[in-house]
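Per-entry structural report
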Amino acid sequence: MDKQKLIIKGGNRIEGELALHGAKNAALPLLAATVLIKDGECIIHNCPRLTDVDAALRILSHIGVKCRRDGGTVISDASAIGNCEIPVSLMREMRSSIVFLGSVLGRTRHCRMSYPGGCELGPRPIDLHLAALRSMGAVIEETHGFLDCTAPKGLKGTSVSLSFPSVGATENVMLAAVTASGVTEIEGAAKEPEICDLASFLVSCGADISGAGTDRIIIRGKDKLSGCEYSVMPDRIAAVTYLCCAAVTGGELILTGADITHIGAVVPFLKEMGCRIYSFGRDSIYIKAPERLRAPHTVRTMPYPGFPTDAQAPLMATCTVADGTAVFVENIFDNRYRHVSELLRMGAVIKTEGRVAVVQGVRRLSATELVSPDLRGGAALVIAALSAEGTSSIGGISHIDRGYESIEKALYSVGADIKRI
Ligand code: UD1
């Protein structure tokens, strides 16, 4: 896949209507949750066709969950779980595979998986996940890059206090707690919409969860969960990405199957940059961009409901051609400016210092040969290439395929000159 490239001739306006796919970051924990369902099938609609989702399906198959895909729907049957060892090769395919720890441990009381290790965004510690699961009775040994986990007496509900509202740690505790004995209270929980989606799915399966979407989630353990039919929430980061594609090309776009309330921290910035943007109908977002964008005020990434770190690179690419100077402060990950060196090669003017990036808008970027540094950095390069003068090629697109369903088909359908070779 990494031999493939995206070829983008810049300058076309993005115009028309685009249907948004389901959220990667909601689908992955939902698929992990299916491990807990002893009784009946789970029918999960709007499950995006992404390489990260395929990797999650391979992990499920490996541990004995029967899965099949029918279009956008995944049907899983976890009535007969077998192998609880997840090999390095499968763990490496998807960095967020650690979310399987809580559900596999909850279901089988033991599992062995390789340590997920670092990733493009820098070290991805899992100390919060492990401390929380240990406080619920898990015995976890970390040896030679492996996590050997058992819960000899089963997992027990307790009070878990997270020192940072980690999305993954909150999901892991929820997954471990829904079938644990007693009550689990998560203090300092993450409030992302994907947490609410996981809670809604689990509740549809018979779990007892309250407070999802606040910083205090309470889970009363149940003996058994049963299958359900569920539809994954729309992908809010893909929504921001496509809105930025329209913004940077002076375009006009309708995104369907989208929820504007999930991107409440991003919309004011696009408005400040001169875009008209509003929701209409049940689930559509409309954007119309001006001919020239203006730089917005300082963008600071924060846990939800703050500005999402995953939207930082797409918005930065958009700001490279806005009039004025924009400042970004990245507060969530240490290594999240890897797209900057590629944008500089296109003629962008950006200075970084630690967590801060200062972007001075230029008239136009120039096309060149680019390589995606990571998933959202790759999306940023697509945005930049759409506005640039000339034809860019973007390599390393396996990163982009982790989170965007056929990005070239989506953008071609709304006017971009883009193809995959
Ligand atoms: C999830 C998202 C990712 C998004 C991120 C932040 C998925 C699959 N991925 O990742 O796209 O960028 O939320 O919104 O949903 N941390 C620790 N110790 C831990 C766990 C996290 O120090 O045990 C730190 C991380 O290093 C990072 C910060 O907490 O600096 C946020 O991480 P977290 O919220 O856990 O992100 P993920 O769940 O990995």
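Bear in mind that the values here come from a model prediction, so they are computed numbers and not experimental data. (Residues numbered from 1 in each chain as written. Predicted model: local features only at pLDDT ≥ 70, side-chain atom pairs only at ≥ 80, totals over all residues. Heavy atoms only, no water.)

Side note on the state of the cysteines
Formally: The disulfide criterion used throughout: a pair of cysteine sulfur atoms within 2.5 Å. Any residue under 20% of the maximum accessible area for its type is buried, any over 50% is exposed, and the rest in between are partly exposed; the area is computed with a 1.4 Å probe on protein chains only.
In this structure the tally under the stated criterion is zero disulfides. Here Cys244 stays unpaired: no disulfide links it, and the sulfur of Cys245, its closest cysteine neighbor, is 7.3 Å away. Residue classification places Cys244 among the buried residues on the basis of a relative accessible area of 0%. No disulfide involves Cys275; its nearest neighbouring cysteine sulfur is the one of Cys244, lying 8.4 Å away.

Section: the site of the ligand
The following threshold applies: Working definition: residue near molecule or strand if any one of its non-hydrogen atoms lies within 4 Å of it. What qualifies as a polar contact is a pair of N or O atoms within 3.5 Å, subject to a donor-acceptor requirement within protein and to the restriction that residues adjacent in sequence count only when both atoms come from side chains. Residue exposure ignores everything except the shown protein chains as possible cover, and the areas themselves are Shrake-Rupley values with a 1.4 Å probe.
Near the ligand lie 17 residues; those nearest to it are Asp127, Ser166, Gly168, Asp310 and Ile332. Taking Asp127, its side chain carries an N or O atom lying 2.7 Å from a nitrogen atom of the ligand. In this structure, Gly168 approaches the ligand through a main-chain N or O atom, which is 2.8 Å from an oxygen atom. Protein burial of the ligand: of its 740 Å² of free accessible surface, 83% is covered by the chains.

Considering the domain arrangement of the protein
Heads up, the rule is: Residue ranges for the domains trace back to a domain assignment, done automatically or taken from a database. Only heavy atoms enter the contact rule, under which two residues are in contact if any of them lie within 4.5 Å. A quick way to say it: buried area is the sum, across both parts, of accessible area lost when two parts are put together, with a 1.4 Å probe. For this document, the term salt bridge refers to a Lys or Arg side-chain nitrogen within 4 Å of an Asp or Glu carboxyl oxygen.
Its domain assignment divides the protein into domain 1 (6-21 + 234-420) and domain 2 (24-231). One C-alpha centre belongs to domain 1, the other to domain 2; they are set 30 Å apart. Between domain 1 and domain 2, the contact holds 25 residues from the first and 18 residues from the second. Roughly 1800 Å² of surface becomes buried between domain 1 and domain 2 when both sides are summed, with 55% attributable to carbon and sulfur atoms. Taken together, the links from domain 1 to domain 2 amount to two salt bridges.

Things to note about the sheet that holds strand E24 (residues 369-371)
How we decide: Two strands pair under a simple rule: DSSP has to find at least two bridges between them. Strands here are runs of E lasting at least two residues and helices are runs of H or I lasting at least four, both read from the DSSP assignment and numbered beginning at the N terminus. Fitting a line to C-alpha atoms yields each axis, with helices limited to the stretch in contact; the angle taken between N-to-C directions then spans 0 to 180 degrees.
With respect to topology, four strands assemble into an open sheet ordered E24-E25-E1-E26, the strand pairing being mixed. Of all the strands in the sheet, just E24 and strand E26 (417-420) have a single pairing partner and so form its edges. The average undirected angle you get between the axes of adjacent strands in this sheet is 20 degrees. As paired elements, strand E1 (residues 6-9) and strand E25 (residues 391-395) share four bridges and run antiparallel to each other. Residue pairing for E25: Lys9 is matched across the bridge by Thr391. Lying on the sheet, helix H12 (residues 375-387) is in contact with E1, E24 and E25; it crosses E1 at an angle near 35 degrees.

Here we look at the packing of aromatic side chains
Note the following rule: Working definition: a ring pair exists when centres of Phe, Tyr or Trp rings (six-membered ring for Trp) sit within 6.5 Å. Plane angles under 30 degrees give stacked, over 60 give edge-to-face, the rest tilted. Two conditions define a charge sitting above a ring: the NZ of Lys or the CZ of Arg must be within 6 Å of the ring centre, and it must be within 35 degrees of the ring normal.
This structure, assessed with the given rule, holds four aromatic pairs. Relative to Tyr230, the ring of Phe201 lies with its centre 5.6 Å away and its plane at 80 degrees, an arrangement referred to as edge-to-face. One end of the pair, Phe201, is in helix H7 (residues 193-204); the other, Tyr230, is in strand E16 (residues 229-231), and 29 residues separate them in sequence. One exposure class covers both Phe201 and Tyr230, and it is buried. Where Phe269 meets Phe307, the ring centres are 5.4 Å apart and the plane angle is 85 degrees; that geometry is what we call edge-to-face. Linking Phe269 in helix H9 (residues 267-272) with Phe307 in the loop between strand E20 (299-300) and helix H10 (312-319), this pair joins segments that are 38 residues apart in sequence. Sitting over the face of the ring of Phe146, Arg112 holds its NZ or CZ atom 4.1 Å from the ring centroid.

Section: helix H1 (residues 24-33)
Counted residue by residue, H1 has nine buried out of ten residues, so it is predominantly covered. Inspection of H1 places Lys24, Ala26, Ala27, Leu28, Pro29, Leu30, Leu31, Ala32 and Ala33 among the buried residues, and these make up the whole buried set.

Topic: the pattern of salt bridges
Overall, the coordinates contain 19 salt bridges when judged by the stated rule. Residues Arg134 and Glu142 are paired through a salt bridge, measuring 3.3 Å at the closest nitrogen-oxygen approach. Its relative accessible area of 35% is what places Arg134 among the partly exposed residues. The partly exposed category is assigned to Glu142, whose relative accessible area is 44%. Salt-bridge contacts for Glu342 lead to Arg345; the nearest nitrogen and oxygen are separated by 3.2 Å. Of this pair, Glu342 and Arg345 both sit in helix H11 (residues 340-345), three residues apart, roughly one helical turn. Judged by its relative accessible area of 13%, Glu342 falls in the buried class. One salt-bridge network, held together by shared partners, links Lys24, Asp52 and Arg402.

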